[in-house]
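Given next are the chains, with one letter for each unit.
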Amino acid sequence: LTFGTVEAMLTAANIQAVLETTALFIYLNSRFNGFWYSFRKDLFIDQLKYAIPFGLMGILWSFQSDIHNWFIGNRFSEEEFATYRVGCFELPLLFLLQESISSVMIPKMSQLHSENNYREMINLTVRAMEKLSLAYFPAFVFFFITAGTFITTLFTQKFADSVPIFMINITLLPFAAFILDPVTRAFSSLGKYILKVRIVLVILLIATLYYGIHHFDLRQMAMIVVVTALIDRFFSTIKIWKTVGVKWEDLFLLKNVGKTALVTILAGIPTFFFYQQIKQV
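Cut-offs used in this document
- Residues numbered from 1 in each chain as written.
- Predicted model: local features only at pLDDT ≥ 70, side-chain atom pairs only at ≥ 80, totals over all residues.
- Heavy atoms only, no water.
- Helix = DSSP H or I, 4+ residues; strand = E, 2+ residues; numbered from the N terminus.
- Buried < 20%, exposed > 50% of the residue type's maximum accessible area, 1.4 Å probe, protein only.
- Contact = heavy atoms within 4.5 Å.
- Areas by Shrake-Rupley, 256 points an atom, 1.4 Å probe, with all protein chains shown as cover.
- Lys, Arg positive; Asp, Glu negative; His and termini not counted.
- Charge placed at Lys NZ, Arg CZ, Asp CG, Glu CD.
- Phe/Tyr/Trp six-rings, centres within 6.5 Å; stacked < 30°, edge-to-face > 60°.
- Salt bridge = Lys/Arg side-chain N within 4 Å of Asp/Glu carboxyl O.
- Patch = residues over 30% accessible without salt bridge, like charges linked within 9 Å, V, L, I, M, F, W, Y side chains within 5 Å.
- Expected span 1.5 Å × (residues − 1).
- Bend = angle between axes of the 7 residues up to and from the residue.
- Core = buried A, V, L, I, M, F, W, Y, C linked by side-chain atoms within 4.5 Å.
- Axes fitted to C-alpha atoms, helices over the stretch in contact; angles between N-to-C directions.
- Parallel < 35°, antiparallel > 145°, perpendicular 65-115°, else oblique.
- Nonpolar A, V, L, I, M, F, W, Y, C, P; charged D, E, K, R; others polar.

**Q** Just checking my understanding: could you explain the overall build of the chain for this structure?
**A** Secondary structure assignment for the chain yields 11 helices and zero strands. N-terminal to C-terminal, the α/β element order of the chain is α-α-α-α-α-α-α-α-α-α-α. Projected onto its principal axes, the C-alpha coordinates of the chain cover approximately 65 × 55 × 40 Å. Among the 281 residues that make up the chain, the fraction classed as buried is 34%. Pairs at least 24 apart in sequence give 80% of the contacts found in the chain among residues at least 6 apart. Total accessible area on the chain is roughly 17,700 Å²; 67% of this is exposed by carbon and sulfur atoms. For the chain, the distance from the average site of its 23 positive side-chain charges to the average site of its 19 negative ones is 9 Å.

**Q** Can you help me understand the packing of aromatic side chains in this one?
**A** Aromatic ring pairs are defined here through the distance separating the ring centres and the angle between the ring planes. Under the counting rule described, the total for this entry stands at 15 aromatic pairs. For the pair phenylalanine 95 and tyrosine 136, a centre-to-centre distance of 6.2 Å together with 35° between the ring planes defines the contact as tilted. Of this pair, phenylalanine 95 sits in helix α4 (residues 94-114) while tyrosine 136 sits in helix α5 (residues 118-145), and the two are 41 residues apart along the sequence. In this structure tyrosine 136 comes out as buried when scored by relative accessible area, which is 0%. Between the aromatic rings of tyrosine 118 and phenylalanine 187, the centroid separation amounts to 5.6 Å while the plane-to-plane angle is 65°, which identifies the pairing as edge-to-face.

**Q** Could you clarify how one ought to interpret the pattern of salt bridges in this entry?
**A** Proximity of charged atoms lets side chains of opposite charge pair with each other. A complete count under the given rule lists five salt bridges for this structure. For glutamate 120, the salt bridge identified is with arginine 127, shortest N-O distance 3.0 Å. Residue arginine 127 is classed as partly exposed on the basis of its relative accessible area, which comes to 36%. Put simply, aspartate 181 and arginine 185 hold a salt bridge, and the shortest N to O gap is 3.3 Å. Here aspartate 181 pairs with arginine 185, and both are found in helix α8 (residues 181-186), just four residues apart, close to one helical turn. A relative accessible area of 27% places aspartate 181 in the partly exposed class.

**Q** Before we go on, may I ask you to explain a nonpolar patch on the surface in this structure?
**A** A contiguous nonpolar surface patch, about 780 Å² in accessible area, is contributed by Val227, Ile231, Phe234, Phe235, Ile238, Trp241, Trp248 and Leu251. Structurally, phenylalanine 235 can be placed in helix α10 (residues 218-244). What makes phenylalanine 235 partly exposed here is its relative accessible area of 40%.

**Q** Got a minute to help me understand α5 in this structure?
**A** Given 3.6 residues to a turn, an α-helix orients residues that are three or four positions apart in the same direction. For α5, with 28 residues, the first-to-last C-alpha span of 39 Å sits near the 40 Å given by 1.5 Å per residue. A maximum bend of about 35° is found in α5 at serine 133.

**Q** What exactly am I supposed to notice about the nonpolar core here?
**A** Nonpolar side chains in soluble globular proteins generally cluster together in the buried interior. Formed by 41 residues in total, the largest nonpolar core has its most connected members in Leu91, Phe143, Phe166 and Val183. Taken together, the elements giving at least two residues each to this core come down to α4, α5, α6 (147-155), α7 (163-169), α8, α10 and α11 (255-280). When sequence neighbours within four positions are dropped, the list of residues in contact with leucine 91 reads Phe143, Phe150, Phe166, Ile170 and Leu173. In terms of nonpolar packing, the next biggest core, distinct from the first, is built from 17 residues, Ile67, Leu218, Ala222 and Val226 among them.

**Q** What is the right way to read the packing of helix α2 (residues 41-75) against α10 from this model?
**A** For any two helices packed against each other, the geometry is given by the interaxial angle and the distance between the axes. One can describe the packing of α2 onto α10 by two numbers: an axis separation of 11 Å at closest approach and a directional angle of 170°. Taken together, the axis directions place α2 and α10 in an arrangement best described as roughly antiparallel. Of the residues in α10, those touching α2 at Trp61, Gln64, His68 and Ile72 are Leu218, Met221, Val225, Thr228, Ala229 and Asp232. Taken together, the residues of the contact of α2 with α10 break down into six nonpolar, three polar and one charged.

**Q** Quick question: what am I supposed to make of the environment of proline 92 here?
**A** With respect to the helices and strands, proline 92 occurs in the loop between α3 (78-87) and α4. A C-alpha to C-alpha distance of 37 Å links proline 92 and glutamate 115, two positions 23 residues apart in sequence.

**Q** I'm lost on a positive patch on the surface in this one. Help?
**A** Taken together, the side chains of Lys49, Lys192, Lys196, Lys239 and Lys242 make up a positively charged region of the molecular surface. Mapped onto the fold, lysine 242 is located in helix α10.

These figures come from the coordinates and say nothing about function on their own.
Structure (structure tokens):
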């Protein structure tokens, strides 16, 4: 921010990465003194077999999340690209909540998997969903209602055309409550399965985006990305449920999530009409 250049921001990011890595090694040395002297080839190979599918899966997710920007930037004007990017604005801190809970759950899920305690894995996931729904459901309704004010306040009235794109983009927000990653990390087979799904989805996404830049507008391009993400989540969820043995009667466990959704909708209806009256004043 002091120098005000893109190069300065990239340099700052690199410095941060170096500092974080240095802090990590200092911690490891203090916690496991001389850890670098010990090396087990068999353990290293097993870890690679486990980690590579998840690493590639993460790379494909980033690719899947960013590639639409390349198509938009190539086909549309600079003004349209700016409008699209503002509409795809990622709400700060909200997804950090899911990532934090996921990171805490991963060791416990691995322990439960080693004990073959799939029932507790299901129960723990449901409890996490209940808590996340308390944050994500109301946040979705709030931003959906106030989308116009939110975007124009942050980015000025020049970006009013970004509002419909933003409203499409945030439809993914409620689905963030349905946390999947901790269970996925406990099963190496799930990592391989989701990797295959994402390979297919990325190929289809590229083909659809290529067709879209010649026939669709910005809102329809945003819908392509959202639908692809939902398809990814759908197939991943079905496979995860089958792996841990979720049954149809287990859907009753989501009753509190359903209650949160119902209360959010009931609260959102009068809020919408009240907000419309305020805007007209």
